[in-house]
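The lines below spell out each chain.
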Amino acid sequence: SQQGEEDPQALSIQEGENATMNCSYKTSINNLQWYRQNSGRGLVHLILIRSNEREKHSGRLRVTLDTSKKSSSLLITASRAADTASYFCATFTSGANSKLTFGKGITLSVRP
Amino acid sequence: DSGVTQTPKHLITATGQRVTLRCSPRSGDLSVYWYQQSLDQGLQFLIQYYNGEERAKGNILERFSAQQFPDLHSELNLSSLELGDSALYFCASSVQAVYTEAFFGQGTRLTVV
């Protein structure tokens, strides 16, 4: 079963614009992670935010986490055509049976 | 390059057959995860091993089994294959058992005909 649900399912923007992607989850988490997948290739880890953190930056990426709303957002600033990919949020649930589970992903297209 | 190696890259086999997918984790990583990615189901967690022991189990069918060997490489065995098993199978590895980022291999694309 999917723990994370991303929104929107697909996003198309112009190069230079910002892209905002959202993720909601259901149960208590230890951390939330974002990954990128280029067409048919392996996933690449982008950023990890712990449940006691509210915001984190990495280069052009900004991630926020609101544990009260069980939601996170990923902002990519000044997007480039090379950012075209699928983006997944993944959660590590808390507790003894914790697993790293992924949402279905968001397809981002950045038009040159 | 993530450092995680999966073989083979592509596999075409007939229904009813059995295949073995292999994964070598990054050097130093003790944990191995297996995921199945299909268009309709997204990325499904199958199973995780840590230092040779099964650590967590997800939506893995009884026809599927996995193991992690003393040298930490892992194999995923898929038997009595059905058309619906056609998918991308990913292996990932991490240093710890929980709460860390995972590094993914390039996947094995399985086509069942």
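Anything mentioned here points back to the structure above.
Residues numbered from 1 in each chain as written. Chains lettered and ligands numbered in written order. Predicted model: local features only at pLDDT ≥ 70, side-chain atom pairs only at ≥ 80, totals over all residues. Heavy atoms only, no water.

A. Fine view of the nonpolar core. By size, the foremost hydrophobic cluster in this structure holds 22 residues, and its most contacted members are Met21, Leu32, Trp34, Leu74, Ile76, Tyr87 and Leu108 of chain A. Contributing elements (two or more residues each) for this core: strand E3 (19-25), strand E4 (29-37), strand E5 (43-50), strand E7 (61-66), strand E8 (71-76), strand E9 (85-93) and strand E11 (106-111) of chain A. Core analysis: the second largest hydrophobic core is formed by 20 residues, Leu21, Phe64, Ala66 and Leu76 of chain B among them. (Core = buried A, V, L, I, M, F, W, Y, C linked by side-chain atoms within 4.5 Å. Buried < 20%, exposed > 50% of the residue type's maximum accessible area, 1.4 Å probe, protein only. Helix = DSSP H or I, 4+ residues; strand = E, 2+ residues; numbered from the N terminus.)

B. Structural detail: the sheet that holds strand E6 (residues 55-58) of chain A. Residue and element names in this part refer to chain A. Strands sit in the order E1-E3-E8-E7-E6 across an open sheet of five strands; the sheet is antiparallel. Edge strands, defined here as strands with exactly one partner in the open sheet, are strand E1 (4-7) and E6. Each strand of the sheet is rotated relative to its neighbour by a mean of 20°, with strand direction disregarded. (Pairing = 2+ DSSP bridges. Axes fitted to C-alpha atoms, helices over the stretch in contact; angles between N-to-C directions.)

C. Broad picture of the pairing of E11 of chain A. Residues and elements named next belong to chain A. Because side chains alternate across E11, one face comprises the buried residues Ile106, Leu108 and Val110, and the other comprises Thr107, Ser109 and Arg111, none of which is buried. With five bridges joining them, strand E2 (residues 10-14) and E11 adopt parallel strand pairing. Paired with leucine 11 across the bridge in E11 is leucine 108. With three bridges joining them, E9 and E11 adopt antiparallel strand pairing. The partner of alanine 85 across the bridge, within E11, is leucine 108.

D. Geometry of the pairing of E6 of chain A. All names here are of chain A. Where E6 meets E7, four bridges bridge the pair, whose relative direction is antiparallel. Of the residues in E7, the one forming a bridge with lysine 56 is valine 63. Here E6 hands over to E7 after two residues, with glycine 59 in that stretch at a positive phi of 60°.

E. Spatial organisation of the interface of chain A and chain B. Chain A puts 26 residues into the contact, and the matching count from chain B is 25 residues. When chain A packs against chain B, the two sides together hide about 1,900 Å² of surface, and 49% of this comes from carbon and sulfur. Scanning the region where chain A abuts chain B turns up zero salt bridges. Counting across the interface, chain A meets chain B through eight residue pairs in polar contact (both at pLDDT 80 or more). Elements supplying a minimum of two residues to the side of chain A that touches chain B: E4, E5, E9 and strand E10 (100-102) of chain A. Considered class by class, the residues forming the side of chain A that touches chain B number eight nonpolar, 15 polar and three charged. (Contact = heavy atoms within 4.5 Å. Buried area = accessible area lost by both parts, 1.4 Å probe. Salt bridge = Lys/Arg side-chain N within 4 Å of Asp/Glu carboxyl O. Polar contact = N/O pair within 3.5 Å; in protein donor to acceptor, adjacent residues only side chain to side chain. Nonpolar A, V, L, I, M, F, W, Y, C, P; charged D, E, K, R; others polar.)

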